Amino acid sequence: MVSLTARIVIRATNRELEIPTGLFINNEFVPSADSPNDLIHLVNPATEENICSVAAGSVKDIDIAVAAARKAFNTTWGKNVTGFERSKLLNKLADLMERDQSILAEVESLNNGKPFKIARDFDIGDSIQCLRYYAGWADKITGQTIEVDNKTKLAFTRHDPIGVCGQIIPWNYPINMWAWKVAPALACGCTIVMKPSELTPLTALMLSKLIVEAGFPPGVVNTIPSLGSVGGAALSAHMDVDKVAFTGSTVTGRKVMEAAAKSNLKKVSLELGGKSPQLVFESADLEQAANWACLGILYNTGQDCTAGSRLYVQDTIYDKFVSLLVSKAKELVIGDGFDEKSGGGPLVSKTQFDKVWRYIESGQAQGAKVALGAQKRPGKGFFVDPTIFTDINANMDIVRDEIFGPVLAVGRFKTEEEAISLANDTSYGLGAGLHSNDANQCMRVSSALEAGSVWVNQYNLLNNNVPFGGKKQSGIGRELGSYALDEYTSVKAVHWNFGEKLDWPL
């Protein structure tokens, strides 16, 4: 009999935890239906030690989970429960997350590597707020009454829950991305089959326990840890999934969209990659601009879809600003997530570590100048220190490609027009930032930047009530804010005749 729990010890806090390791279907943890011996082995990225193993879901397991979600949608959720009840359950779930905030943060840090204090205060704190935000929306989803002919007819619209949703989330913000997907879907009345990243499934499984404790009916939320090529592909192509939401790479996003199109033309929302620019104009507060530039590329050790990985500085302040930037980047401590001094942790995996180093070596080989970093650490752990390149050009791989690590390419510009052209010279369009104390310039440039989110005199900060999503190859659809509700509802028009008599034949 395969065990469905694992006992792990958080050495930094001496806390011993029992973590579910099975598949979560119909409010129960179960082994795989047809491959119970297939496991996903999880590694602590700070030490390279094994944490535990979890069940690896199969295509058949996805089928079972989808069937459970469909049954719940048709019987105990969907149109069968009021918005008030959905709101109450979401608020209860938020309360339970808040109760377990430190425990969840410890496991998030262990599995993902990020600093415990950041997981607790930012990732999970924001996720609790996200659940409460959408709990507030659950009983406020309304349609329109439309005048057609006041004497004989009217029309009205209903925003119905779209149905069973496949949700595929990444490893860089496991709890945050879980909340972004789950909260609006549940608020609208949808049911869910969640596929967490195979690298970081532990907190999704812990949150599944809280789903039961909060009182959600069986089948409303199901969690299937699985390889992306198995579970993610199966959800994308499933004929009984009504919508798939994916956060991850543009390459995989294309596969998700293709599978959705070739199956049942299910609704798709995609939050994909980025190569986001920041522009620093000569009127900017340079101290603050340097702080925000560092946050943009070094937060979460650069493992962020909106990472400000291209920085363009006006030539009149270039040398001064680069010197300031380097000195500030040196101040960040990249270390073990349970060390209070750490502001960043290791990269999530050996695969990601090797990828980032290939780009660092490529930058050097293609002629970029190293202003900081580019030196490997000895010892265990997938640690990469802040690395800054100058003397870049538009053809370098470090300028064109999403790296997903703490690697920044710094260029220069003379005019506002040149800055905008450099910023928009990318196939991506997720985020962009500008720093200037010229209000007119801020308005002009923010309007001209081709990105779904533009930050002015700040960077990378998001709010649950403000929409987020990409342009170009950074995705389609929006998360957060009221706009996310549109991704989980289907608009039905009802035409009501109360007075016209039809003569026949024509």
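All of the points below concern the structure found in this document.

What counts, and where the lines are drawn
Residues numbered from 1 in each chain as written. Predicted model: local features only at pLDDT ≥ 70, side-chain atom pairs only at ≥ 80, totals over all residues. Heavy atoms only, no water. Helix = DSSP H or I, 4+ residues; strand = E, 2+ residues; numbered from the N terminus. Rg over C-alpha atoms; globule rule 2.2 N^0.38 Å. Buried < 20%, exposed > 50% of the residue type's maximum accessible area, 1.4 Å probe, protein only. Contact = heavy atoms within 4.5 Å. Areas by Shrake-Rupley, 256 points an atom, 1.4 Å probe, with all protein chains shown as cover. Core = buried A, V, L, I, M, F, W, Y, C linked by side-chain atoms within 4.5 Å. Pairing = 2+ DSSP bridges. Axes fitted to C-alpha atoms, helices over the stretch in contact; angles between N-to-C directions. Right-handed = clockwise from strand over helix to strand, strands pointing away.

### A look at the overall build of the chain
Looking only at helices and strands, the chain has 15 helices and 22 strands in total. Over its C-alpha trace the chain gives a radius of gyration of 24 Å, about what one expects of a compact globule, namely 23 Å for 506 residues. Overall, the chain is about 80 × 65 × 40 Å in size when its C-alpha atoms are taken along their principal axes. Looking at the 506 residues of the chain, the share that counts as buried comes to 58%. Within the chain, contacts between residues at least 6 apart in sequence are counted, and of these 74% link residues at least 24 apart. In the form shown here, the chain has an accessible surface area of approximately 20900 Å², with 52% of it arising from carbon and sulfur atoms.

### Here we look at the nonpolar core
Counting residues in hydrophobic clusters, the biggest one holds 76 residues, and the most contacted among them are Met97, Trp178, Leu186 and Phe216. A per-element tally of this core places helix H5 (residues 174-188) first, with 11 residues. With near-sequence residues (within four places) excluded, Phe216 lies in contact with Asn27, Trp77, Leu89, Leu90, Leu93, Leu186 and Ile211.

### Comments concerning the sheet that holds strand S8 (residues 153-161)
Taken in spatial order, the 3 strands line up as S7-S8-S22 in an open sheet, and their pairing is antiparallel. In the strand order of this sheet, the two ends are held by strand S7 (145-149) and strand S22 (489-497), each with one partner. Shown here is a sheet whose adjacent strand axes are inclined to one another by a mean of 25°, direction ignored. Here 4 bridges tie S7 to S8, and the two strands are oriented antiparallel to one another. Opposite Thr145, over in S8, you have Phe156 as the bridge partner.

### Focus: unusual backbone geometry
The omega torsion of the bond from Trp504 to Pro505 falls at 5°, within 30 degrees of zero and hence cis. Residue position: Pro505 is located in the segment after S22. Positive phi, normally seen in glycine, also occurs at Asn14, with a value near 60°.

### Some points on the pairing of strand S13 (residues 267-271)
Remark: a regular strand shows side chains that alternate across the two faces of the sheet. The buried count for S13 comes to 4 of 5 residues, which makes it a mostly enclosed element. As judged from the 5 bridges shared by strand S12 (residues 243-247) and S13, these two strands associate in the parallel manner. Opposite Ala245, over in S13, you have Ser269 as the bridge partner. As for the winding sense of the linkage, the β-α-β connection from S12 through helix H8 (residues 250-262) to S13 is right-handed. Sheet analysis places S13 next to strand S21 (residues 475-476), joined by 2 bridges and oriented antiparallel. What sits directly across from Glu271, in S21, is Gly475.

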